[in-house]
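Summary of the model geometry
The primary structure of each chain is shown beneath.
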Number of protein chains: 4
Amino acid sequence: MHKFTYQLPLRWADTDAYGHVNNALFLRYLEEARTRMVADMLPADEAERRRRAFVVQQSLIDYKAPLDYREEPVSVDVWVTRSRGARLELGCAIRDADATYAEATIKMAAYDLETGAPRRMTDEELSFFTRYTEA
Amino acid sequence: MHKFTYQLPLRWADTDAYGHVNNALFLRYLEEARTRMVADMLPADEAERRRRAFVVQQSLIDYKAPLDYREEPVSVDVWVTRSRGARLELGCAIRDADATYAEATIKMAAYDLETGAPRRMTDEELSFFTRYTEA
Amino acid sequence: MHKFTYQLPLRWADTDAYGHVNNALFLRYLEEARTRMVADMLPADEAERRRRAFVVQQSLIDYKAPLDYREEPVSVDVWVTRSRGARLELGCAIRDADATYAEATIKMAAYDLETGAPRRMTDEELSFFTRYTEA
Amino acid sequence: MHKFTYQLPLRWADTDAYGHVNNALFLRYLEEARTRMVADMLPADEAERRRRAFVVQQSLIDYKAPLDYREEPVSVDVWVTRSRGARLELGCAIRDADATYAEATIKMAAYDLETGAPRRMTDEELSFFTRYTEA
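Residues numbered from 1 in each chain as written. Chains lettered and ligands numbered in written order. Predicted model: local features only at pLDDT ≥ 70, side-chain atom pairs only at ≥ 80, totals over all residues.

1. Section: the interface of chain A and chain C
Rules: Contact between two residues is assigned when their C-beta atoms, built from the backbone, lie within 7 Å. When residues are sorted by character, Ala, Val, Leu, Ile, Met, Phe, Trp, Tyr, Cys and Pro go into the nonpolar class, Asp, Glu, Lys and Arg into the charged class, and all the rest, Gly among them, into the polar class.
Contacts between the two partners involve seven residues from chain A, matched on the other side by seven residues from chain C. Its residues assigned to classes, the side of chain A that touches chain C shows three nonpolar, three polar and one charged.

2. Observations concerning the relation of the copies chain A and chain C
Using the following cut-off: Least squares is used to superpose the copies, and the fit set is the C-alpha atoms of residues whose pLDDT is at least 70 in both copies.
Each copy of the sequence occupies a distinct position, and chain A is placed on chain C by a rotation of 180° and an axial shift of 0.0 Å, giving an RMSD of 0.0 Å. In the structure described here, the two chain copies are related by an operation that fits a two-fold rotation axis. Taken as a fraction of all interface residues of chain A, those also at the interface in chain C reach 100%, which identifies the copy contact as same-surface.

3. A word on the relation of the copies chain A and chain B
Between chain A and chain B, which share one sequence, the superposing operator has a rotation angle of 180° and an axial displacement of 0.0 Å; the RMSD is 0.0 Å. Looking at chain A, 100% of its interface residues are interface residues in chain B too, so the copies touch through the same face.

4. Topic: the interface of chain A and chain B
So the rule is basically this: Under the scheme used here, helices are H or I runs from DSSP no shorter than 4 residues and strands are E runs no shorter than 2 residues, and both carry numbers assigned from the N terminus. By this definition, two strands are paired if DSSP reports at least two bridges between them.
With 15 residues of chain A in contact, the opposing surface of chain B contributes 15 residues. Among the secondary structure elements, those contributing two or more residues to the side of chain A that touches chain B are helix H1 (23-37) and strand S2 (53-63) of chain A. Tallying contributions element by element places S2(A) first for the side of chain A that touches chain B, with eight residues. In terms of residue class, the side of chain A that touches chain B is built from eight nonpolar, four polar and three charged. Looking at chain direction, S2(A) and strand S2 (residues 53-63) of chain B are connected through five bridges and run antiparallel. Pairing of A:Asp62 across the sheet is with B:Gln58, part of S2(B).

5. Topic: the confidence of the model for chain A
All names here are of chain A. As a reminder of what qualifies: pLDDT is defined as a per-residue confidence score from the predictor, taking values between 0 and 100.
Taken as a whole, chain A shows an average pLDDT of 94; of its residues, 99% reach a score of 70 or greater. The lowest-confidence element of chain A is helix H2 (residues 46-51), averaging 88 in pLDDT; the highest-confidence one is strand S4 (residues 87-95), averaging 98. Confidence estimates for the predicted assembly give a pTM of 0.95 and an ipTM of 0.94.

6. As for the environment of C:Glu72
Residues and elements named next belong to chain C. In plain terms, the rule: A residue is called partly exposed when the number of other C-beta atoms within 10 Å of its own lies between 12 and 20, exposed at 12 or fewer, and buried at 20 or more, with C-beta atoms placed from the backbone.
Mapped onto the elements of the fold, glutamate 72 is located in the loop between strand S2 (53-63) and strand S3 (74-84). Glutamate 72 gets classed as exposed once you count the C-beta atoms within 10 Å, which come to 9. Along the primary structure glutamate 72 and aspartate 96 are separated by 24 residues, whereas in three dimensions their C-alpha atoms are 9.5 Å apart.

Following this line, the structure appears as structure tokens:
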């Protein structure tokens, strides 16, 4: 397996009055990396995209070190720790070559936003996630 | 014990392209309630405030139901599940009379931002948190 | 005429590394006040709401004084300086009893998001805006 | 002269319930490009940076076209239309090869955050801005 990695550039406004990237932004960074990971797999049609959505059920973040604004991007790694039925579980890290700033686990459910109910992942989706699945 | 509750008004911009309050915003809502809970206890002097800061070490959020924009505020409850030495652990809920949208546990460390090291909470702080501590 | 005023509570995260409310947030504050001003007038049906939308064409903000985080809300005033055809022009102020933090002019167009084209305001809309129109 | 251009990647969360990048975010994009334009010129020392700060006095944005989320960055152009004494005036555009999404003028004042007063720009600063000044 390989991890999906997005090189995410910080924005100065991500920092708070303490001068560090605000901890809520870490969830944004993870969301952005996920969005880019699945971009190729998403249906082009918007209505279809709503039928094949994913929703976050649980987020767990361990903050390891303060992250200060700098021009260089941080690496946001995403990989799959479990995918079965409606359940998708992701491991994540926000890091660079020198340090790990946060580690996270995101539990998601495959979801049909039109009916408002969980759905089983398609074979295509399961096959896609296999690429990023831990052995 | 009693819970601290902040009546937090939503902002339309908190919603994302799915029309729901974005899950990263829930961390913001919890941060805002915490900020208001401890406002009376904080040193007035800014340098002193940096010496008696708290940093988030772990956040765990269970998303229970989608939250849509509306004019009425949501209730953000915060209470203390543990406070000892440098460790402060908070229970949180985002809810209204009809539903619970999220439940969360936030683990924090009392921290001196000047020295960059954890610190023991003062008696005044421990006494303050007793008010909100589960029996 | 009377101004529409929304008492907007700040969020600690609105502040940036300089400790002041970030200037981009002022546009958010104005948006939130506008959203609440027109809330009663908006169609309940979402598709209908998209047909009777408004889009921002120009925003002009004069920053008068830095705004620091505090628990008390700021007053966001909105009033109508012009409404005719598809054009809606708003005057705005962000202030409290002691100071004015920003003044703004927002030029909007009545817009049909389904067709992607400007539209003429309805009589009901024009009549609604008369309430907030400068003599 | 040449314009400073920052290739700014969008974030999915920049979009609002209408599915477009929220208009307040355009101010964030401009701020980020400015921050990167002057990064090399800024004093390394934080106290010194506060003495040689700039504050926004007026922002004027013309919204030209809706910007939807996509993986490719947008170009944010910044150039200097005036720099003299304490006054710095910037022209800006948010665009790609196909379209211009917004044009803006940002009026800033060189400012000493320690004394809370405007300051004259240094020769070094004026010389720096000459690079990006319209003939």
